[in-house]
Amino acid sequence: MAEQSQQIQRPEQIDWQNIGFSYIKTDYRFIAHWKGGEWSTGELSTDNTLHIHEGSTALHYGQQCFEGLKAYRCKDGSINLFRPDQNAKRLQASCDRLLMPQVPNELFIRACKEVVKANEHWLAPYGTGATLYLRPFVIGVGENIGVRTAPEFIFSVFCCPVGAYFKGGLAPSNFLVSDYDRAAPAGTGAAKVGGNYAASLYPGKIAKERNFSDCIYLDPKTHTKIEEVGSANFFGITKDNKFITPDSPSILPSITKYSLLYLAKERLGLEALEADVYMDKLDQFAEAGACGTAAVITPIGGIQYGEHFHVFHSETEVGPITKRLYDELVGIQFGDIEAPDGWIVKVE
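Here, residues in each chain are numbered from 1, in the same order as that chain's written sequence. A pLDDT threshold of at least 70 governs which residues receive local features in this predicted model, and a stricter bar of 80 or more applies before side-chain atom pairs are shown or counted, although totals over entire chains, interfaces and linings include all residues. With hydrogens and water excluded, all non-hydrogen atoms of the structure serve as input to the side-chain values.

(A) Structural context of the nonpolar core. Put simply, a nonpolar core is a bunch of buried Ala, Val, Leu, Ile, Met, Phe, Trp, Tyr and Cys residues held in one set by side-chain atoms that sit within 4.5 Å of each other. Buried, partly exposed and exposed residues are distinguished by accessible area as a fraction of the type maximum, computed with a 1.4 Å probe on protein chains only: under 20%, between the cut-offs, and over 50%, respectively. Counting residues in hydrophobic clusters, the biggest one holds 45 residues, and the most contacted among them are Trp39, Phe108, Leu134, Val138 and Phe155. A helix here means a DSSP run of H or I that spans at least four residues, while a strand means a run of E at least two residues long, and both kinds are numbered starting from the N terminus. At the level of secondary structure, the elements contributing two or more residues to this core comprise strand E1 (29–35), strand E5 (69–73), strand E6 (79–82), helix H3 (84–97), helix H4 (105–118), strand E7 (131–141) and strand E8 (152–162). Broken down by element, the residue count for this core peaks at 7 residues, all from H4. Formed by 21 residues, the second largest nonpolar core is a distinct cluster that contains Tyr72, Ala264, Leu270 and Cys291.

Take a look at the structure:
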């Protein structure tokens, strides 16, 4: 799929039903520079290659962070952004953790809108399920060699059309519990920084070589509790109808997860909470899933833990509550279901 995506040069070449999740070069991206204590206004560019100093802290010391959000084509042809203010807030928290200047809400949302509008012809037609994925990021740049914060920074947003992150879309996937840790206690697990993902590449490779979709990370202190599912958050539906997602300072605060916590309680009438999810208590769950901007909701069929393979609802069928949550969330994102106040921003 990656090779096919690299050959796509125009939207008309895309098979929207089988697009997958790979980089496709679109026409415009947004870029702004931080120098002398403030951000520039920013502008659209057709150049998808960044030109940065060889001493940039992003290259040597990992001083960078990023976000992920999507634009959705509605039935009436309009375009929705889903809770972009929450992405802006999370990016600001990541910037604070890495001593980078915050990107103001206004600049963040304006950049996203401009990129979507300029690349609107790359946004899939309504009904295909495909979306336009936005990748905002901040990197430290400029002349430097010592371990310190950068003298300059770049904020940029690019986009590409995408389909399902996990192969099969809304179909159960199986996962392998990893012996490796994703993030350290009191580390950068709650920030969306590249180092967390670099640490996941090797264990993810091991999982895929064993024919699992990805790996599950346990808490780094005790290795007894589920923290994350690859680059997504875990949730489970108990047999007595509670929606539970792990609670840990090492977990990325997923916008999708917090949206599901709200929808589970307010729309489905479930008790919804963040709590510890112990590996030796998986029998309490009737259903389980992974959630995130890229993954949306991926049902978890089973988890391999050592020699034991635990199956939730089914390895082949989506659980009924997981399906209802998916329909509610996606319905809101595509404008088919009324959204809670402030969740949708129109691109006009």
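Let us keep going from here.
(B) Region of interest: the packing of aromatic side chains. Each Phe, Tyr or Trp ring (for Trp, its six-membered ring) is paired with any other whose centre lies within 6.5 Å, and the angle between the two planes then decides the class: stacked below 30 degrees, edge-to-face above 60, tilted in between. Inspection of every chain in the model, using the stated rule, returns 14 aromatic pairs. Between Trp39 and Phe155 the ring centres are 6.2 Å apart and the planes differ by 75°, which places this aromatic pair in the edge-to-face class. In this pair, Trp39 sits in strand E2 (residues 38–39) while Phe155 sits in strand E8, placing the two residues 116 residues apart along the sequence. A relative accessible area of 15% places Trp39 in the buried class. Geometrically, the ring pair formed by Phe235 and Phe243 is stacked, given 5.3 Å between the ring centres and 15° between the ring planes. Accessibility assignment for this pair places Phe235 and Phe243 in one class, buried. By the ring-pair criterion, three or more aromatic residues cluster together here, those being Phe30, Trp39, Phe108 and Phe155.

(C) Region of interest: unusual backbone geometry. In this structure, Arg83 is a non-glycine residue whose phi angle is positive, near 55°. Here Arg83 shows up in the loop between E6 and H3. Even without a glycine there, the phi angle at Val296 is positive, about 60°. As for its placement among the helices and strands, Val296 is situated in strand E16 (residues 296–305).

(D) Local environment of the UniProt feature "modified residue: N6-(pyridoxal phosphate)lysine" (unreviewed entry) in the protein. Listed under "modified residue: N6-(pyridoxal phosphate)lysine" (unreviewed entry) in the UniProt record, and renumbered for this structure, are Lys192. Considering the arrangement of structural elements, one finds Lys192 in the loop between strand E9 (173–177) and helix H5 (194–209). Given the relative accessible area of 9%, Lys192 is considered buried. The contact rule is simple, with two residues in contact once any of their heavy atoms fall within 4.5 Å. For Lys192, the contacting residues outside a window of four places in its chain are Cys65, Phe66, Glu67, Gly68, Arg90, Ser94, Tyr197 and Leu252. UniProt positions are given in the numbering used here, feature names are shortened, and annotations may be inferred rather than shown by experiment.

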